Amino acid sequence: MIISNIGQLIGIAAQATSALRGDAMKHVGILENAWLRIDGDQFAEWGTMDRFPATDGSEKIIDAAGGAVLPSFCDSHSHIVYAGSREQEFEDKIRGLSYEEIARRGGGILNSADRLQATSEDELFRQSMIRIREVEKMATGCLEIKTGYGLTTESELKMLRVIARIAEATPMHIRATFLGAHAVGRAFKGRQADYVDMLCREMLPAIAAEGVADFVDVFCDEGFFSPQETDRILLEAARFGMRPKIHANELAVSGGVQVGVKHSAISVDHLERIEADEISLLAGSETIATVLPGASFFLGMPYGKARQLIDNGAAVALASDYNPGSSPSGNMRMVMSLGCIKLKLTPEESLNAVTINGAAAMDSAGRYGSITPGKVANFFITDPIPSLAFIPYAYATPIIRTVFLAGLPLS
């Protein structure tokens, strides 16, 4: 297949790279008036229309009609598998209750856990696939999905089975993260140490035996899990070869950044509250700083200091945090816009944060996140636009025309 008459081919890179950091995030490969060849499910080559390749009639030609072509979004932090919704808590927030107050009243994560435990695996899969189809159409091509609404061994395994079924049902690239340490299950109320002990002795071995989790995560924050508890969980997870991704500094400066870097976490996520020494620590590490502006937008929290992180040389990704309580949206184009509007990133930095660096935060940059020969052909075609900056600028204009995953258009 050849895509012809591309106004701007955006996000091209001759070779696969790992996460971009610092000044490297300012640059995006762009070719004007271009064509792009797809070989099976992979990107093959590109060039300008004045040197359009000769064809023997066996290749399908798709006319982009002056639209832009970009790599699909790579969303490295989501909780898209959940049951029901939590719009009542949305109204509680309007009336002035904080995220922490709602959690103390039995809402929040525990509310979702109650619903998920009472929902069958088939029904959970059905509900989750509605959201999967939604984000596919919004041009997400790679998606990390966390557990954490089970909070019992069986329910966490149920979530992982659903994630595995999703991976088979969608052409998107799916990565699974075990987040049993999302909150303390109701059966362990007032016995957090016992819950952590159960997670280490029972949950982790059961998850590892199934072989269905790519990463392990801990909500290391005020009112949830301490750095010491996080350290213990990550040490135990390392015995099973599970690499960490950490929730840190959403509600307070929690110590999660430090414990994440100590354990070579692939990413530390949230970072709405972060201090100068933590910025320096991340800049000097291989750990990716993943900022979730959708949660800041929805909850009215501070926005993460992505600008300072990049200026100090850190690798920054942006992700949706799609979940029922604090960010009920998987619109990565909106995340890219928030990156520019609220985090003060350039359009180039924001695009890199939602593509190649998002892929790197899922350990998938070798196959996804840019238009590179040999990478999987996940991309989308827009209506004609004047520049890359138009995408985050006109954040609500429906410019995405066609989405391709693994070289095929979505039906």
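Above this text sits the structure in question.
Remember, it's a predicted structure, so these values are computed and weren't measured experimentally.

1. Side note on the pattern of salt bridges
For step 1, the next point in the chain: Summed over the entire model, instances satisfying the criterion amount to 24 salt bridges.
For step 2, the next point in the chain: Residues E121 and R165 are paired through a salt bridge, measuring 3.5 Å at the closest nitrogen-oxygen approach. Highlighted residues: E121 in helix α4 (residues 121–137) and R165 in helix α5 (residues 153–169), separated in sequence by 44 residues.
For step 3, the next point in the chain: In this structure E121 comes out as partly exposed when scored by relative accessible area, which is 22%.

2. Quick look at the environment of I30
For step 1, the next point in the chain: With respect to the element layout, I30 can be found in strand β2 (residues 30–39).
For step 2, the next point in the chain: In this view, I30 contacts Q8, L9, I10 and I12; residues no more than four positions away in its chain are not counted.

3. Notes on the sheet that holds strand β12 (residues 288–291)
For step 1, the next point in the chain: Read from one edge of the open sheet, eight strands run β6-β7-β8-β9-β10-β11-β12-β13, paired in parallel fashion. Taken across any chain shown, the strands that pair with only one partner, and hence form the sheet edges, are β6 (73–75) and β13 (316–318). For this sheet, the mean inter-axis angle between neighbouring strands, taken without regard to orientation, is 25°.
For step 2, the next point in the chain: Bridge count for strand β9 (residues 215–220) against strand β10 (residues 243–248) is six bridges, and the pairing is parallel. Bridge pairing in β10 links F219 to H247.
For step 3, the next point in the chain: Sitting on the sheet, helix α6 (residues 192–210) touches β8 (173–181) and β9, and the angle it makes with β8 is about 150°.

4. Looking at unusual backbone geometry
For step 1, the next point in the chain: In this structure, N33 is a non-glycine residue whose phi angle is positive, near 50°.
For step 2, the next point in the chain: Here N33 shows up in strand β2.
For step 3, the next point in the chain: A positive phi is found at L271, a non-glycine position, where the angle reads about 65°.
For step 4, the next point in the chain: In this fold, L271 is placed in the loop between β11 (267–270) and α9 (276–283).
For step 5, the next point in the chain: L271 gets classed as buried once you look at its relative accessible area, which sits at 1%.

5. A short note on the state of the cysteines
Linking two cysteines covalently via their sulfur atoms produces the bond known as a disulfide.
For step 1, the next point in the chain: Tallied over the full model, the rule gives zero disulfides.
For step 2, the next point in the chain: C142 carries a free sulfur, and the closest cysteine sulfur to it, the one in C74, is 3.7 Å from it.
For step 3, the next point in the chain: Its relative accessible area of 2% is what places C142 among the buried residues.
For step 4, the next point in the chain: Free of any disulfide, C200 has its nearest cysteine sulfur in C220, 14 Å distant.

6. Overview of the packing of aromatic side chains
For step 1, the next point in the chain: Taken as a whole, this structure holds nine aromatic pairs when the rule is applied.
For step 2, the next point in the chain: Consider the rings of F188 and Y195, whose centres lie 5.5 Å apart with planes at 75°: the pair is edge-to-face. Y195 carries the same exposure label as F188, and that label is buried.
For step 3, the next point in the chain: The rings of F43, F379 and F404 are connected pair by pair, giving a single aromatic cluster.
For step 4, the next point in the chain: Lying over the aromatic face of Y82, R131 brings its terminal NZ or CZ to 3.6 Å of the ring centre.
For step 5, the next point in the chain: One cation-aromatic arrangement involves K245 over F215; the distance from NZ or CZ to the ring centre is 5.8 Å.

Cut-off values and rules
Residues numbered from 1 in each chain as written. Predicted model: local features only at pLDDT ≥ 70, side-chain atom pairs only at ≥ 80, totals over all residues. Heavy atoms only, no water. Salt bridge = Lys/Arg side-chain N within 4 Å of Asp/Glu carboxyl O. Helix = DSSP H or I, 4+ residues; strand = E, 2+ residues; numbered from the N terminus. Buried < 20%, exposed > 50% of the residue type's maximum accessible area, 1.4 Å probe, protein only. Contact = heavy atoms within 4.5 Å. Pairing = 2+ DSSP bridges. Axes fitted to C-alpha atoms, helices over the stretch in contact; angles between N-to-C directions. Disulfide = S-S within 2.5 Å. Phe/Tyr/Trp six-rings, centres within 6.5 Å; stacked < 30°, edge-to-face > 60°. Lys NZ or Arg CZ within 6 Å of the ring centre and 35° of its normal.

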